[in-house]
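If you want the building blocks of each chain, they are given just below.
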Amino acid sequence: MPAHTLGMHAAHGTEVLKINPAAPAPAALERAAEVLRRGGLVAFPTETVYGLGAHALDATAVARIYTAKGRPATNPVIVHVADAATAHALAAAWPPMAERMAQAWWPGPLTMVLPRAACVPEIVAAGGGTVGLRMPNHPVALALLRTARLPVAAPSANRSSELSPTRAEHVLAVLAGRVDLILDGGPCSAGIESTVVDLTTTPPRVLRPGPINPADLERLLGPVTRPSRANLPALASAPLPSPGLLARHYAPRTPTICVEGSAAAQVHALAAQGRKVGWLILEFNAAAAAAGTIQVELPGNPAACASALYDALHKLDAAGLDCIVAELPPETDAWLAVRDRLLRAAAK
Ligand code: TXA
Ligand code: MG
């Protein structure tokens, strides 16, 4: 069977190929590798979220990522590698901490920011002197990297500032016609983006909280600089989104507010005004149904909650609601990344 008959070609020109994560079919991997080698874009599953991948050493291919996402040229992209040896080749320095972190967490949801080697095109780094490197822990992502034998630049496969995709359907909904091929390997397990750690500063600095939390990092590395609270949007107190301190990110299109603890009072008040409300309930908060609301319960465990978070937000966002009300988990290390994503979803 010729490779081009493998997938579904829709009118928009994006091919979707189902791929079994337990046994990724070599023909599908080879097809995706071909697209990458010729400078095209492939969306693929990782354990965190779907990535929008291009040949990382081909500046023209990487430029296509920025166009497809509508991403500002000032925001650098992460390079995905199949092994630590490839990471060494892309970094101008590989400090002992990088080695310890790679041994502890790769493959896994950790991106290390290191000095950029000359072979990495400037566009990958948005003109800066560093490069973000990650070895993903997903059988399809790893098999693709090994088949293509290329480092793959890949931000999350969403339009800039919108919700990240944890299913192939989420990718297709916003990038149909903007990506050559989508490998559909089912839902992502971790569900939120990798922890990004800058190793060019002393102590290392957490740029983006993620599945590996600051306490995990400190057990291995000693003190790290935690993400600044000043970088987080302020919490809305009124039942409408308040202006955030930072540009919104990871955000649904439906106006979203965050509430500390149970949101029952706010949800009932909005429902009484005739608003259609989506209520993201944390399992450990009591929830009494309100008329006109759609309730989605999220697990009371940080990893399970992160895994379900974006899928829940995508569902609520597609439900034609007036607003989404999300309950914030406690301000602890374990919940840091989920809180961060919810606050950013609610920023204006
Ligand atoms: O889990 C993930 O990291 C997913 C999957 C696909 O691997 N990727 C992802 O990429 O979330 P993206 O581009 O959506 O987010 C990457 C983050 C951005 O906040 C970007 O600014 C930061 O990492 N970043 C990338 N390279 C950097 C660098 N050289 N210096 C500082 N920050 C960097
Ligand atoms: Mg992203």
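Above this text you will find the structure in question.
For every chain, the first residue of its written sequence is number 1, and the numbers climb from 1 along that sequence. Labels follow written order: the first chain is A, the first ligand is 1, and so on. The predicted nature of this model means local features are confined to residues of pLDDT at least 70 and side-chain atom pairs, given and counted, to a pLDDT of 80 or more, with totals for whole chains, interfaces and linings taken over all residues. Processing note: side-chain calculations cover all non-hydrogen atoms of the structure and skip hydrogens and water entirely.

A. The sheet that holds strand 15 (residues 323-328), seen in detail. Pairing between strands is defined by DSSP: at least two bridges between the two strands are required. Helix and strand assignments follow DSSP, with helices taken as H or I runs no shorter than four residues and strands as E runs no shorter than two, numbered in order from the N terminus. Taken in spatial order, the 4 strands line up as 12-15-13-14 in an open sheet, and their pairing is parallel. Across the chains shown, the open sheet's two edge strands, defined by having one partner strand only, are strand 12 (256-260) and strand 14 (293-298). When strand polarity is set aside, the average angle formed by the axes of neighbouring strands in this sheet is 20°. By the bridge criterion, 6 bridges tie strand 13 (residues 277-282) to strand 14 in an arrangement that is parallel. Residue pairing across strands places Val277 opposite Thr293, the latter belonging to strand 14. Where helix 8 (residues 264-272) meets the sheet, it contacts strand 12, strand 13, strand 14 and strand 15, and its direction lies at approximately 165° from that of strand 13. For every element, the axis is a line fit to its C-alpha atoms; helices are fit only across the contacting stretch, and the angle between N-to-C directions ranges from 0 to 180 degrees. What makes two residues a contact is simply this: any of their non-hydrogen atoms within 4.5 Å.

B. Focus on the packing of helix 4 (residues 96-105) against helix 7 (residues 214-221). Interaxial distance between helix 4 and helix 7 falls to 11 Å at its minimum, and their mutual angle equals 125°. Taken together, the axes of helix 4 and helix 7 lie oblique to each other. Regarding helix 4 and helix 7, the two cross each other, and that crossing is right-handed. Two secondary-structure elements touch here, helix 4 through Met97, Arg100, Met101, Ala104 and Trp105 and helix 7 through Asp216, Leu217, Leu220 and Leu221. Residues are sorted three ways: Asp, Glu, Lys and Arg are charged, Ala, Val, Leu, Ile, Met, Phe, Trp, Tyr, Cys and Pro are nonpolar, and all the rest, Gly among them, are polar. Of the residues that constitute the contact of helix 4 with helix 7, the class distribution is 7 nonpolar, no polar and 2 charged. Angles below 35 degrees are treated as roughly parallel, those above 145 as roughly antiparallel, those between 65 and 115 as roughly perpendicular, and all remaining angles as oblique. Should the near helix be turned counterclockwise from the far one by less than a right angle, the crossing is left-handed, whereas a clockwise turn marks it as right-handed.

C. Representation of the pairing of strand 9 (residues 181-184). Under the scheme applied here, a residue whose accessible area is under 20% of the maximum for its type counts as buried, over 50% as exposed, and between as partly exposed, the area being computed with a 1.4 Å probe on protein chains only. Judged by which residues are buried, strand 9 turns out to be covered on both faces: Leu181 and Leu183 on one side and Ile182 and Asp184 on the other are all buried. Where strand 2 (residues 15-18) meets strand 9, 4 bridges bridge the pair, whose relative direction is parallel. Following the sheet pairing, Val16 is matched in strand 9 by Ile182. In this sheet, strand 9 lies alongside strand 3 (residues 42-44) in parallel orientation, the contact comprising 2 bridges. Bridge pairing links Ala43 to Ile182 in strand 9.

D. Layout of helix 2 (residues 59-69). Where helix 2 is concerned, the buried positions are Ala61, Val62, Ile65, Tyr66, Ala68 and Lys69. N or O atoms closer than or at 3.5 Å make up a polar contact, with two conditions inside protein: a donor-capable atom paired with an acceptor-capable one, and, for residues adjacent in sequence, both atoms drawn from side chains. With a side-chain oxygen positioned 3.0 Å from the backbone nitrogen of Thr60, the residue opening helix 2 is Asp58. One or two positions beyond helix 2, positive phi appears at Gly70, with a value near 65°.

E. Looking closely at unusual backbone geometry. In this model, Trp106 is joined to Pro107 through a cis peptide bond whose omega is -10°. Inspection of the secondary structure puts Pro107 in the loop between helix 4 and strand 6 (110-115). Cis peptide bonds are those with omega within 30 degrees of zero, and the linkage from Thr202 to Pro203 qualifies with -5°.

F. Structural context of the layout of surface pockets. Its boundaries defined by the atoms lining it, the second largest pocket holds a volume of some 250 Å³. Considering the residues around the second largest pocket, the lining is formed by 16 residues, among which His170, Ala173, Val174, His314 and Asp317 are closest to the centre. Elements supplying a minimum of two residues to the lining of the second largest pocket: helix 6 (168-175) and helix 9 (302-317). The greatest single-element share of the lining of the second largest pocket, amounting to 4 residues, is contributed by helix 6. By residue class, the composition of the lining of the second largest pocket is 8 nonpolar, 4 polar and 4 charged. The definitions used throughout rest on a 1 Å grid laid over the protein atoms alone, on which a cavity is an enclosed set of points accommodating a 1.4 Å probe that cannot get out and a pocket is an open set flanked by protein within 12 Å on both sides along at least five of seven lines; lining residues are those having an atom within 4 Å of a point. Grid points are joined across faces, edges and corners, and a volume is the space filled by probe spheres set on the points.

G. Structural context of the side chain of Glu327. Mapping Glu327 onto the fold places it in strand 15. Of note is the side chain of Glu327, whose polar atom sits 2.9 Å from the backbone nitrogen of Leu282. Within the local environment of Glu327, its side chain forms a polar contact with the side chain of Asn285, the two groups lying 2.8 Å apart. Aside from chain neighbours lying at most four places away, what touches Glu327 is Val259, Gly261, Ser262, Ala263, Ala264, Trp279, Leu280, Ile281, Leu282, Asn285 and Leu342.

H. Just the pattern of salt bridges, in detail. For this analysis, a salt bridge means a side-chain nitrogen from Lys or Arg found within 4 Å of a carboxyl oxygen belonging to Asp or Glu. Inspection of every chain in the model, using the stated rule, returns 16 salt bridges. Of the charged contacts, one joins Asp340 and Arg341 as a salt bridge, the two residues approaching to 2.7 Å between their closest N and O atoms. Like Arg341, Asp340 is buried. Linked by salt bridges that have partners in common, Glu193, Asp340, Arg341 and Arg344 make up one network.

I. Region of the structure containing the site of ligand 1. The local shell around ligand 1 holds 22 residues, among which Thr48, Arg71, Asn75, His80 and Ser194 are the closest. Contact between ligand 1 and Thr130: a nitrogen atom at 3.0 Å from a side-chain N or O atom of the residue. The Shrake-Rupley method, run with a 1.4 Å probe, gives the accessible areas here. Residue values count only the displayed protein chains as cover. Against a free-state accessible area of 680 Å², the protein chains account for coverage of 88% of ligand 1. At the level of elements, strand 5 (78-80), strand 7 (130-134) and strand 11 (205-208) are the ones that each hand at least two residues to the shell around ligand 1. Tallied by class, the residues present in the shell around ligand 1 amount to 10 nonpolar, 8 polar and 4 charged. If a single non-hydrogen atom of a residue is within 4 Å of a molecule or strand, that residue counts as near it.

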